[in-house]
Amino acid sequence: MRDLNAIGRIGIGDHGAVTRLVFSIKELRSRQVLIHLMRQAGLNIRIDAIGNIFGRFEGIDPKAPAVLAGSHLDTVIHGGKYDGPVGVIGALEAVRTISENRIPVRSSLEVVCFVGEESSRFGFSTLGSSLAAGEVHPEDLTHAVDTQGTKLENVLAGLGITRRNMKSIKLDPKTLKAYLELHIEQGPILEAIGKRIGLVTSIAAPSRFRVIFKGRADHSGTTPMDMRKDALVASAQLIEYIEKVCRKYASMTKGRVVGTVGAMKIEPGVINAVPGRTDLAVDIRGTSAQSKNHVARMVKRQARAIAKRRGIGVELLTIREEDPVPLDKRLLRVSRKLCDEKGIDYEIMPSGAGHDAMQMAKITPAGMIFVPSRRGISHNPLEWTDPRDIALGAQLLMETMIRVANEKL
Ligand code: GLV
Ligand code: MN
Ligand code: MN
């Protein structure tokens, strides 16, 4: 908790809100603090081109594939201090405990901090883990820009990462035995059923795209209502449609699709002009690829229909298309067995939020452990998890790491 709080103070603002957007000074500072903590713990540190940090504790057989555990330290705007750091500091504490108690592990253990898990700055999620998994495709970068107009591609170029060489960051799957991630649930289920541990089966994935409505900016006092080309009214109709169609797909049997427009730019964006142009960021997610893709297609079709009806232009730009990711059943079984042995009540559940584990799952067996979020609140300063639950989660993570490091999967 001391280390978690130390990270949580970096980027803290009014009402305890934490903001550490990827590649900001605050986010870099949090990574420096982690490096310091890893060094204190005696870990061997490696940092790749994007800035992913790997702190290694050597196992009895240094050639054996390593067991990785971690998460991220970047945050959304005005987020909390648990989303991400619980998994990084939890993994660090697990490895520190193993080291201090001289618990033998055959495989080496690595504490990992992935860069830029949150999509809050560029609309691009799990950046560092996607690169580590070799899952960034050059075309993915085309439409990733922040609100200042900074292109993600240019930021990467500044770090020496280009479309041509980005595959070189990819980890060699042969060197990996498993990836484990402890995370807060960020939803209300565990609290509601009174369980302290969630074992994750799969991770919902997003279809993300921008919808740009191109109307015409006009004087808001002189332009008659029937002569306007108002891009914002078109957006409002689309946003309402997204809510409506996702409510139809709300149940598990329909794939539990959720849809959000969490960001929008309005131009010119003044009180006395008809909005001429809007740029909406659409996030459609689901645990069934089929339902999610179907809803995304319906939303795009509706955007075109609205534009046509209102006589304005529309442009659809893909940010990223991903499929839901199943996690490794064998890893889940290891954690489950440990829970059974220790009398810990757990819930087996999918994840609605995205995580670095979804990228790592593409190159190595990946597993996740959830701990409860008070009132299910996350991406909000009110995010809170009971320290006793964090400790229990970290304990389970540690025991899982030891078993996975010492036994055949
Ligand atoms: C990560 O927090 C996400 O957006 O799911
Ligand atoms: Mn998050
Ligand atoms: Mn997270």
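One can find the structure itself at the top, above this paragraph.
If you're wondering where the values come from, they're calculated on a predicted model, not measured in any experiment.

### A look at the overall build of the chain
Helix and strand counts for the chain come out as eleven helices and 15 strands. The C-alpha radius of gyration of the chain comes to 22 Å, within 12% of the 22 Å expected for a compact globule of 409 residues. Dimensions of the chain, computed from C-alpha atoms along their principal axes, come out at roughly 80 × 45 × 40 Å. By the burial criterion, 55% of the 409 residues in the chain qualify as buried. Excluding contacts between residues fewer than 6 apart, the proportion of contacts in the chain whose partners are at least 24 apart in sequence is 78%. Summing over all exposed atoms, the chain offers an accessible surface of approximately 18200 Å²; the carbon and sulfur share of this is 52%. For the chain, the centre of its 59 positive side-chain charges and the centre of its 45 negative side-chain charges are spaced 3 Å apart.

### Observations concerning the environment of Ser125
Tracing the chain through its elements places Ser125 in the loop between strand E4 (109-114) and helix H4 (127-132). For Ser125, a relative accessible area of 12% translates into the label buried. Through-space distance from the C-alpha of Ser125 to that of Lys177 is 24 Å; in sequence the pair is 52 residues apart. Here Ser125 is in contact with Gly116, Glu117, Glu118, Ser119, Ser130, Arg208, Arg320 and Glu322, once residues within four sequence places are set aside.

### Focus on the sheet that holds strand E7 (residues 205-214)
The strand order across the open sheet built from four strands is E9-E11-E7-E12, with neighbouring strands paired in antiparallel fashion. Only two strands of the sheet have a single partner each, and these edge strands are strand E9 (258-267) and strand E12 (313-321). On average, adjacent strands in this sheet sit at an angle of 15° to one another, irrespective of strand direction. Sheet analysis places E9 next to strand E11 (residues 277-286), joined by nine bridges and oriented antiparallel. Across the sheet, the residue bridging to Gly259 is Ile284, located in E11. Of the strands in this sheet, E7, E11 and E12 touch helix H8 (residues 289-310), which is tilted by about 5° from E7.

### Quick notes on the coordination of the manganese ion (ligand 3)
Geometry sets the ideal angles at a metal, namely 109.5 degrees for four tetrahedral donors and 90 or 180 degrees for six octahedral donors. Binding of the manganese ion (ligand 3) to the protein goes through His72 (NE2), Asp83 (OD) and His183 (NE2), at separations of 2.0 to 2.2 Å. Counting residues between consecutive donors of the manganese ion (ligand 3) along the chain gives the motif H-x10-D-x99-H.

### Section: helix H9 (residues 329-342)
The end-to-end C-alpha distance of H9 is 20 Å, a good match for the 20 Å that 14 residues give at a rise of 1.5 Å each. Among the residues of H9, those classed as buried are Leu331, Leu332, Val334, Ser335, Leu338 and Cys339. Considered in projection along H9, the buried side chains sweep an arc of 155° and stay on one side of the axis. Opposite the buried face of H9, by more than 90 degrees, sit the exposed residues Lys329, Arg333, Lys337 and Asp340. Packing partners of the buried residues in H9 comprise strand E5 (176-184), strand E6 (197-203), strand E14 (346-351), strand E15 (366-371) and helix H11 (387-406).

### Details of the coordination of the manganese ion (ligand 2)
Every protein donor of the manganese ion (ligand 2) is listed here as Asp83 (OD), Glu118 (OE), Glu118 (OE) and His379 (NE2), and their distances to the metal cover 2.0 to 2.8 Å. The sequence pattern formed by the donor residues of the manganese ion (ligand 2) is D-x34-E-x260-H. The distance between the manganese ion (ligand 2) and the manganese ion (ligand 3) comes to 3.6 Å, and Asp83 binds to both of them. Taken as a pair, Asp83 in the loop between strand E3 (66-72) and helix H3 (85-100) and Glu118 in the loop between E4 and H4 lie far apart in primary sequence, 35 residues in all. Overall, the relative accessible area of 4% leaves Asp83 in the buried class.

### So, the packing of helix H7 (residues 231-248) against H8
Between two packed helices, the angle of one axis relative to the other and the distance separating the axes together describe the packing. Direction vectors running N to C along H7 and H8 enclose 150°, while the axes themselves pass 10 Å from each other. Between H7 and H8, the angle falls in the class roughly antiparallel. The crossing of H7 and H8 is right-handed. Across the interface between the two elements, Val233, Ala234, Gln237, Leu238, Tyr241, Ile242, Val245 and Cys246 from H7 touch Val295, Met298, Val299, Gln302, Ala303, Ile306, Arg309 and Arg310 from H8.

### Quick notes on the pairing of E3
Buried residues dominate E3, accounting for seven of its seven residues. Side chains Ala66, Leu68, Gly70 and His72 of E3 all project onto a buried face; the interleaved residues Val67, Ala69 and Ser71 project onto the opposite face, where all are buried too. Examined bridge by bridge, E3 and E5 share four bridges and lie parallel to one another. The partner of Ala66 across the bridge, within E5, is Leu176. The pairing of E3 with E4 spans six bridges and is classified as parallel. Bridged to Ser71 within E4 is Cys113. Assessed by its sense of winding, the connection that carries the chain from E3 through H3 to E4 is right-handed.

### Thoughts on the site of ligand 1
Taken together, Glu117, Glu118, Arg208, Arg285, Ala353, Gly354 and His379 make up the full set of residues adjacent to ligand 1. Within the backbone of Gly354, an N or O atom sits 2.7 Å from an oxygen atom of ligand 1. Protein contacts shield 95% of the accessible area of ligand 1, which totals 200 Å² for the unbound molecule.

### As for the packing of H3 against H11
Where H3 meets H11, the axes come as close as 9 Å, and the angle between the chain directions of the two elements is 55°. By the criterion of interaxial angle, the relationship of H3 to H11 is oblique. Crossing hand, H3 versus H11: right-handed. Across the interface between the two elements, Val86, Gly90, Ala91, Ala94, Val95, Thr97 and Ile98 from H3 touch Ile390, Ala394, Leu397, Met398, Met401 and Ile402 from H11. The residue inventory of the contact of H3 with H11, partitioned by class, reads eleven nonpolar, two polar and no charged.

Cut-offs and rules
Residues numbered from 1 in each chain as written. Chains lettered and ligands numbered in written order. Predicted model: local features only at pLDDT ≥ 70, side-chain atom pairs only at ≥ 80, totals over all residues. Heavy atoms only, no water. Helix = DSSP H or I, 4+ residues; strand = E, 2+ residues; numbered from the N terminus. Rg over C-alpha atoms; globule rule 2.2 N^0.38 Å. Buried < 20%, exposed > 50% of the residue type's maximum accessible area, 1.4 Å probe, protein only. Contact = heavy atoms within 4.5 Å. Areas by Shrake-Rupley, 256 points an atom, 1.4 Å probe, with all protein chains shown as cover. Lys, Arg positive; Asp, Glu negative; His and termini not counted. Charge placed at Lys NZ, Arg CZ, Asp CG, Glu CD. Pairing = 2+ DSSP bridges. Axes fitted to C-alpha atoms, helices over the stretch in contact; angles between N-to-C directions. Donors = N, O, S within 2.8 Å, 3.2 Å for Na, K, Ca; no water. Expected span 1.5 Å × (residues − 1). Arc of directions from axis to C-beta. Parallel < 35°, antiparallel > 145°, perpendicular 65-115°, else oblique. Left-handed = near helix turned anticlockwise from the far one by under 90°. Right-handed = clockwise from strand over helix to strand, strands pointing away. Near = heavy atom within 4 Å. Polar contact = N/O pair within 3.5 Å; in protein donor to acceptor, adjacent residues only side chain to side chain. Nonpolar A, V, L, I, M, F, W, Y, C, P; charged D, E, K, R; others polar.

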